[in-house]
Amino acid sequence: MPLSLPMLWAALGLLLLQLVSARSTGLSLRAVSASDMNTFRGAMLVKNGQPTSCEFALIDNQSAFLAANCLDYSNGLVNQNTKYEIYFDKAKGQGPGRATLFADKIRVHPLYNPTSFANNIAVVEFDFRDQGSWINYISVNSLEWVSVVNVRRQLLNPGAQSWSSPLVQSQTGNHADCFKASALFKSNVRDMVCSVYSLSSPVSNKCSLPYGALYGVSQKSMAISAIYSHSVVYDKDMCSGGRTFNYYTMLSNYTRYASSVLGRRVYEYIEKPDLYKTMWHTTSHHFQNEDAMNAGGTSQFGGDIYAIQ
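Residues numbered from 1 in each chain as written. Predicted model: local features only at pLDDT ≥ 70, side-chain atom pairs only at ≥ 80, totals over all residues. Heavy atoms only, no water.

## Re the pattern of salt bridges
Two side chains with opposite charge may pair up if their charged atoms get near one another.
Moving on, step 1. The tally for this structure, following the rule as stated, stands at ten salt bridges.
Moving on, step 2. Where aspartate 127 meets arginine 129, a salt bridge forms, and the shortest distance between an N and an O atom there is 2.8 Å.
Moving on, step 3. When its relative accessible area of 33% is taken as the criterion, aspartate 127 is described as partly exposed.
Moving on, step 4. Ionic pairing is found between arginine 190 and aspartate 191, a salt bridge with its closest N-O pair at 3.4 Å.
Moving on, step 5. According to the relative accessible area criterion, aspartate 191 is buried, its value standing at 1%.
Moving on, step 6. Each of the salt bridges in this network shares a partner with another, and the network as a whole consists of Glu55, Asp89 and Arg153. (Salt bridge = Lys/Arg side-chain N within 4 Å of Asp/Glu carboxyl O. Buried < 20%, exposed > 50% of the residue type's maximum accessible area, 1.4 Å probe, protein only.)

Written as structure tokens, this is what we have:
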């Protein structure tokens, strides 16, 4: 029986991920530490003065990616009565800082599906020039990654702009059960990364908290590559101890979209350009099989995890 297009993409994505995992077997996972992460600037979303679990993927000092399900909505539109702020941690000798998002320049991807969390991406703008202009690189070539690092940043006190040290966890490949839990992931493995790693939530130590972002680790360096989208839990919530699978949206599919709405370049980190030429990218990326059902006995959660715990 001939394979359908979604099945072909799923098979290709699985092969790519297996190649990454296989190639990393003979290489060191490069023991990425919290001090290593302090060389990369990170930022968290604060809504109406309250910290969230949502991490930004910074593009430069005036724009970033954010999971669309971290925003508030009214009648299908972003609620502009919510005060959205971006808080920056300290990195590369620069102190912490903050800026307010421009409400009229929060662009949710036009194909975002709030039910399945497909295309769970927004591009946001702000003005943070207090510490000069800078850019951030997005790691886009999964074929060159030797591992992926889960990273969780935590803003302890917005008023004092105090942060805890980043928490990190390395992984290679995806757990086999990731494909069983999420139908969206099974049909779009080239567009997402799955992680089985979680932390205890600061809201309640009985609840699990996904890492906020993933960094693609290449042979020479690393850069942010994906941000948390949602979790599928074999239970009724994220505080019942059920097996949890966390899914992350790969940013490589959205750098061109971001560039088109910002009107400027989004910088990509690529060590092996020849491999990257085989990847497919567009300004209007879409997912396959968005309406498929997850595994039985599961619940799905996403966005600001603090708010639902």
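## Some thoughts on the state of the cysteines
Moving on, step 1. Counted by the stated rule, this structure contains three disulfides.
Moving on, step 2. The disulfide that involves cysteine 178 links it to cysteine 194, with 2.1 Å between the sulfurs. As the torsion about the S-S bond is roughly -75 degrees, the cysteine 178-cysteine 194 disulfide counts as left-handed. Remark: cysteine 194 occurs in strand β16 (residues 192-195) and cysteine 178 occurs in helix α3 (residues 177-181); sequence separation between them is 16 residues.
Moving on, step 3. By relative accessible area, which is 2% here, cysteine 194 ends up buried.
Moving on, step 4. Note that cysteine 207 is cross-linked by a disulfide to cysteine 239, the S-S spacing being 1.8 Å. On the sign convention where negative is left-handed, the bridge of cysteine 207 and cysteine 239, at about 100 degrees about the S-S bond, is right-handed. Residue cysteine 207 is located in the loop between β17 (198-200) and β18 (208-210), and its partner cysteine 239 is located in the loop between β20 (222-233) and β21 (244-250); the two are separated by 32 residues in the primary sequence.
Moving on, step 5. For cysteine 207, a relative accessible area of 5% puts it in the buried group.
Moving on, step 6. Taking relative accessible area as the criterion, cysteine 239 reaches 28% and is therefore assigned partly exposed.
Moving on, step 7. By sequence order of its bonded cysteines, the protein has the disulfide arrangement 1-2, 3-4, 5-6. (Disulfide = S-S within 2.5 Å. Helix = DSSP H or I, 4+ residues; strand = E, 2+ residues; numbered from the N terminus.)

## Here's the deal with the sheet that holds strand β8 (residues 97-100)
Moving on, step 1. Taken together, four strands build an open sheet; the order of strands is β2-β1-β7-β8 and the sheet is antiparallel. Edge positions in the sheet fall to β2 (50-55) and β8, since each of these pairs with one other strand and no more. Adjacent strand axes in the sheet meet at a mean angle of 30 degrees when their direction is disregarded.
Moving on, step 2. Here strand β7 (residues 84-88) pairs with β8 via four bridges, running antiparallel. By the bridge assignment, phenylalanine 88 is partnered in β8 with glycine 97. (Pairing = 2+ DSSP bridges. Axes fitted to C-alpha atoms, helices over the stretch in contact; angles between N-to-C directions.)

## Describing unusual backbone geometry
When glycine is set aside, most residues are seen to have a negative phi, and most peptide bonds are trans.
Moving on, step 1. For asparagine 75, which is not a glycine, the phi torsion comes out positive at approximately 55 degrees.
Moving on, step 2. Tracing the sequence through the fold places asparagine 75 in the loop between β5 (73-74) and β6 (77-78).
Moving on, step 3. The class for asparagine 75 is exposed, based on a relative accessible area of 80%.
Moving on, step 4. Positive phi, close to 50 degrees, is recorded for glutamine 161, a residue that is not glycine.

## Regarding the environment of serine 116
Moving on, step 1. For serine 116, the location among the structural elements is in the loop between β9 (106-108) and β10 (122-125).
Moving on, step 2. In this structure the C-alpha to C-alpha distance between serine 116 and asparagine 294, which are 178 residues apart in sequence, comes to 9.6 Å.
Moving on, step 3. Look past the residues within four positions of serine 116 in its chain and what remains in contact with it is Leu184, His230, Glu290 and Gln300.
Moving on, step 4. A polar contact is formed between the side chain of serine 116 and the backbone nitrogen of alanine 118, at a distance of 3.3 Å. (Contact = heavy atoms within 4.5 Å. Polar contact = N/O pair within 3.5 Å; in protein donor to acceptor, adjacent residues only side chain to side chain.)

## A short note on the side chain of arginine 152
Moving on, step 1. With respect to the secondary-structure elements, arginine 152 resides in strand β12 (residues 147-152).
Moving on, step 2. Engagement of the side chain of arginine 152 in a polar contact is seen with the backbone oxygen of serine 53, the distance being 3.0 Å.
Moving on, step 3. Sequence-distant contacts of arginine 152, defined by excluding residues within four places in its chain, comprise Met44, Ser53, Pro166, Leu167, Leu199, Leu209, Pro210, Tyr211 and Gly212.

## A word on the sheet that holds β9
Moving on, step 1. Taken together, the four strands give an open sheet; going across it, the order is β3-β4-β10-β9, and neighbouring strands pair in antiparallel fashion. Among the strands making up the open sheet, the edge pair consists of β3 (57-60) and β9. Adjacent strand axes in the sheet meet at a mean angle of 20 degrees when their direction is disregarded.
Moving on, step 2. Sheet analysis places β3 next to strand β4 (residues 63-66), joined by three bridges and oriented antiparallel. Within β4, the residue paired with alanine 57 across the bridge is phenylalanine 65.
Moving on, step 3. Across the sheet, helix α5 (residues 255-262) touches β3, β4, β9 and β10, and the angle it forms with β10 is around 40 degrees.

## Some remarks on α5
For an α-helix, the turn length of 3.6 residues means that residues three or four places apart are oriented alike.
Moving on, step 1. Every buried residue belonging to α5 is among Thr255, Tyr257, Ala258 and Leu262, and all of these are buried. Along the axis of α5, the buried positions cluster into a sector of 160 degrees, meaning they face one direction only.
Moving on, step 2. Among the structural elements, β3, β4, β9, β10, β11 (138-139) and β22 (268-269) are those in contact with the buried residues of α5.
Moving on, step 3. Positioned one or two residues after α5, glycine 263 has a phi angle of 75 degrees, which is positive. (Arc of directions from axis to C-beta.)

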